[in-house]
Amino acid sequence: MKKLFFVSLMALCLGGLVASCSKDDAEEMSGDAAVAELKSLLGIQEDGTSAFLQDEKTLDYFLGVDNAETAGRVANNLSMGATALSSLTYTLPDSKGTISVAANAAEGHYYDITYNVAGISVKKLNVVNNAWLENENVTFIRPQDSSNKPSTWICNPCKYTFSSKSKVNCPRCRSSNVQKK
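None of the values given here were measured: they were computed from a predicted structure.

Draft legend 1. Looking closely at the sheet that holds strand S4 (residues 97-103). With respect to topology, six strands assemble into an open sheet ordered S1-S2-S6-S5-S4-S3, the strand pairing being mixed. Taken across any chain shown, the strands that pair with only one partner, and hence form the sheet edges, are strand S1 (53-54) and strand S3 (89-91). Summarising the sheet, S3 and S4 pair through three bridges and their orientation is antiparallel. Each residue of the ladder has a partner; that of Thr-89, found in S4, is Ser-100. In this fold helix H4 (residues 68-78) packs onto strand S2 (61-65), S4, strand S5 (109-117) and strand S6 (124-129), with an angle of close to 5° to the strand it touches most, S5.

Draft legend 2. Geometry of the pattern of salt bridges. This structure, assessed with the given rule, holds three salt bridges. A salt bridge links Lys-96 to Asp-32, with the nearest nitrogen and oxygen atoms 2.8 Å apart. Here Lys-96, found in the loop between S3 and S4, pairs with Asp-32, found in helix H3 (residues 31-41); they are 64 residues apart in sequence, far enough to count as distant. Classification of Lys-96 as partly exposed rests on a relative accessible area of 24%. For Asp-32, a relative accessible area of 53% translates into the label exposed. Taking the shortest distance from any N to any O, the salt bridge between Asp-112 and Lys-124 comes out at 3.9 Å. With Asp-112 in strand S5 and Lys-124 in strand S6, this residue pair connects regions lying twelve residues apart in the sequence. A relative accessible area of 13% means that Asp-112 is categorised as buried. Classification of Lys-124 by relative accessible area gives partly exposed; the value is 27%.

Draft legend 3. Molecular detail of the environment of Tyr-110. Looking at the secondary structure, you find Tyr-110 in strand S5. In the structure, Tyr-110 is positioned 19 residues away from Asn-129 in sequence and 7.3 Å away in space, judged by C-alpha atoms. Apart from the residues lying within four places of it in its own chain, the contact partners of Tyr-110 are Val-65, Asp-66, Asn-67, Ala-68, Ala-71, Ala-102, Ala-103, Asn-104, Val-127, Val-128 and Asn-129. At 2.9 Å, the side chain of Tyr-110 forms a polar contact with the side chain of Asn-129.

Draft legend 4. The side chain of Asn-126, seen in detail. Within the element layout of this structure, Asn-126 appears in strand S6. Apart from the residues within four sequence positions on either side, Asn-126 is in contact with Asp-60, Tyr-61, Phe-62, Leu-63, Tyr-111 and Asp-112.

Draft legend 5. Geometry of the environment of Ser-121. Looking at the secondary structure, you find Ser-121 in the loop between S5 and S6. C-alpha of Ser-121 to C-alpha of Gly-48: the two residues are 73 residues apart in sequence and 6.0 Å apart in space. Once residues lying within four places of it in the same chain are set aside, the contact partners of Ser-121 are Gly-48 and Thr-49.

Draft legend 6. Region of the structure containing unusual backbone geometry. A positive phi angle is found at Met-80, which is not glycine, with a value near 55°. As for its placement among the helices and strands, Met-80 is situated in the loop between H4 and S3. Given a relative accessible area of 0%, Met-80 falls into the buried group. Phi angles above zero are rare outside glycine, and Asp-94 is one such case at about 60°. For Asp-94, the position within the fold is in the loop between S3 and S4. A relative accessible area of 55% means that Asp-94 is categorised as exposed.

Basis of the calculations
Residues numbered from 1 in each chain as written. Predicted model: local features only at pLDDT ≥ 70, side-chain atom pairs only at ≥ 80, totals over all residues. Heavy atoms only, no water. Pairing = 2+ DSSP bridges. Helix = DSSP H or I, 4+ residues; strand = E, 2+ residues; numbered from the N terminus. Contact = heavy atoms within 4.5 Å. Axes fitted to C-alpha atoms, helices over the stretch in contact; angles between N-to-C directions. Salt bridge = Lys/Arg side-chain N within 4 Å of Asp/Glu carboxyl O. Buried < 20%, exposed > 50% of the residue type's maximum accessible area, 1.4 Å probe, protein only. Polar contact = N/O pair within 3.5 Å; in protein donor to acceptor, adjacent residues only side chain to side chain.

Structure below.
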């Protein structure tokens, strides 16, 4: 139940990021700034892992969402706008890599986002329905110690509450003024 709460909360948080990075914003960034923005969006930890659930066999990451509309917004956000382009591939500035988005017609799946980006250890993120995750269709890597478990954080400016394994910017307003609850 804890993992479902965390996944749902992450999906909700990421749904609020819709306006955080449009194609024009990303084009104005340097390649290093685009990679840093992507690391923030993916919740990349110091050890290189993401805050999302990870399949123990394939090492793919999973993010559960409530519906197709939310899945589209989240995929657009986490691909830095690739889903809004005529091509479903976004090339980062300064030859830092590419992000591709593909619809996935499998039951309970919405999108597969593939990252081929320098400095990003996440290679594939599956955006799936929460119900699919609840059915335990994947065996997830379990944290070995409590330091890998998500904590509840609160954003001081907007009072938004979210979960993350480490301190990250607020998913709603992007403020760095957050504290553990």
